Amino acid sequence: MKWNRAIVVGGTSGIGEAIVRQLEASGCAVAVVGRRSEKYPHDVTDVGAIPELFQRIASDLGGLDLFIYSAGLMHRVGPEEFNTERDLEMIDVNLGSAIAWINQAAIRFQGTKSGTILAIGSVAGDRGRKGQPAYNASKAGLATYMEAIR
C-alpha cells in the first residue's frame, strides 16, 4: 500500500525512526512527533495537548492517510523489584497515551472513511512474562485495544 501523508509518534528513535526513514524513502510526507522532534516536539504523557496537536499536524500535512504510534517505555526492572511509579509510567506511555493519540486518528479516519492506524506492540503482550509485569500488561492492553478499534 502507498501512503502519502503520515504521522509517526515516537519517530525520533528506535523502531519509529526506522519507520520514518522507510516512509520518507517511499516519498511519503512524514510528521515526526517525539520528545526529540525538531518540528513537533511532544511528551506523549501530555494527553491534553494531543487533540490540538493532531489537528495542526494533519492540517500542516494537507491531510492524513497513515497514523503510527511507536512511542514506548520499558524500564529495567529487577526480578524482585516492584515500583508502582515506574510501572504506571510505562502504562501511561505504552497504553494511555497510545489511546489518546489513536482516538484522534480514529475520529479523523471515521470521518474521511479511509486511513490506516498502526501501533507497535510486543510479544511481551501475549502472556505474563516474568520480570516485566507492567510492561507486559501495557502491551497486552495495546493489542486488545487495537483489535477492538479495528
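First things first, this report covers the structure right here in the doc. Numbers given for residues are sequential positions, taken from 1 along each chain in its written order. pLDDT decides what is reported in this predicted model: residues at 70 or higher carry local features, side-chain atom pairs at 80 or more are listed and counted, and totals for whole chains, interfaces and linings draw on all residues regardless. Working from all heavy atoms in the structure, the side-chain values ignore hydrogens and water.

The helix and strand labels rest on DSSP assignments: H or I over at least four residues marks a helix, E over at least two residues marks a strand, and numbering proceeds from the N terminus. Along the chain, the position of Asp65 falls in the loop between helix H2 (50–61) and strand E4 (66–69). You can call Asp65 buried: its relative accessible area is 16%. Distance in space between the C-alpha atoms of Asp65 and Lys39 is 20 Å, their sequence separation being 26 residues. With near-sequence residues (within four places) excluded, Asp65 lies in contact with Trp3, Asn4, Arg5, Phe109, Gly115 and Thr116. To sort residues, take the accessible area from a 1.4 Å probe on protein chains only and compare it with the maximum for the residue type: under 20% means buried, over 50% means exposed, and anything in between is partly exposed. Working rule for contacts: check all heavy atoms of both residues, and any pair within 4.5 Å makes them a contact.

Put simply, helix H3 (residues 84–112) and helix H4 (residues 133–149) touch, their axes get as near as 8 Å, and they point 15° apart. By the angle between their directions, the pair H3 and H4 is classed as roughly parallel. Along this stretch, H3 crosses H4, giving a crossing that reads as right-handed. Residue-level inspection shows Asp87, Met90, Ile91, Asn94, Leu95, Ala98, Ile99, Ile102, Asn103 and Ala106 of H3 in contact with H4, the latter providing Ala134, Tyr135, Ala137, Ser138, Lys139, Gly141, Leu142, Tyr145, Met146 and Ile149. Looking at the contact of H3 with H4 residue by residue, the classes come out as 14 nonpolar, four polar and two charged. All axes here are fitted lines through C-alpha atoms, helices being fitted over the stretch that makes contact, and every angle between N-to-C directions spans 0 to 180 degrees. Here the angle decides the label: under 35 degrees means roughly parallel, over 145 means roughly antiparallel, 65 to 115 means roughly perpendicular, and every other value means oblique. Definitions for this section: a left-handed crossing has its near helix turned counterclockwise from the far helix by less than a right angle. A right-handed crossing has that turn clockwise. Each residue is assigned to one class: nonpolar for Ala, Val, Leu, Ile, Met, Phe, Trp, Tyr, Cys and Pro, charged for Asp, Glu, Lys and Arg, and polar for all the others, Gly among them.

Pairing of aromatic side chains here covers Phe, Tyr and the six-membered ring of Trp, requires ring centres within 6.5 Å, and sorts the geometry by plane angle: under 30 degrees stacked, over 60 edge-to-face, intermediate tilted. All chains considered together, the criterion is met by three aromatic pairs. Seen from their ring centres, Phe54 and Phe67 are 6.2 Å apart, and the 55° between their planes marks the pair as tilted. Note that Phe54 is positioned in helix H2 and Phe67 in strand E4, a separation of 13 residues in sequence. Considered together, Phe54 and Phe67 belong to a single accessibility category, that of buried residues.

Next up on the list: the nonpolar core. Buried Ala, Val, Leu, Ile, Met, Phe, Trp, Tyr and Cys residues that are joined via side-chain atoms within 4.5 Å together make up what is termed a nonpolar core. Within the largest apolar cluster, 27 residues are counted, with the highest numbers of intra-cluster contacts made by Ile7, Val9, Ile57, Phe67, Tyr69, Trp101 and Ile102. Of all the elements in the fold, those that place two or more residues in this core are strand E1 (5–9), strand E2 (29–34), H2, E4, H3 and H4. For this core, the element with the most residues is H3, which contributes eight residues. Formed by 10 residues, the second largest nonpolar core is a distinct cluster that contains Val8, Val20, Val30 and Leu66.

Relative to each other, H2 and H3 sit at 45°, their axes nearing to 10 Å. When the axes of H2 and H3 are compared, the pair comes out oblique. Classified by chirality, the crossing of H3 by H2 is right-handed. Residues Ile50, Pro51, Leu53, Phe54, Gln55, Ile57 and Ala58 of H2 form the contact with H3, whose participating residues are Ser97, Ala100, Trp101, Gln104, Ala105 and Arg108. A per-class count over the contact of H2 with H3 returns nine nonpolar, three polar and one charged.

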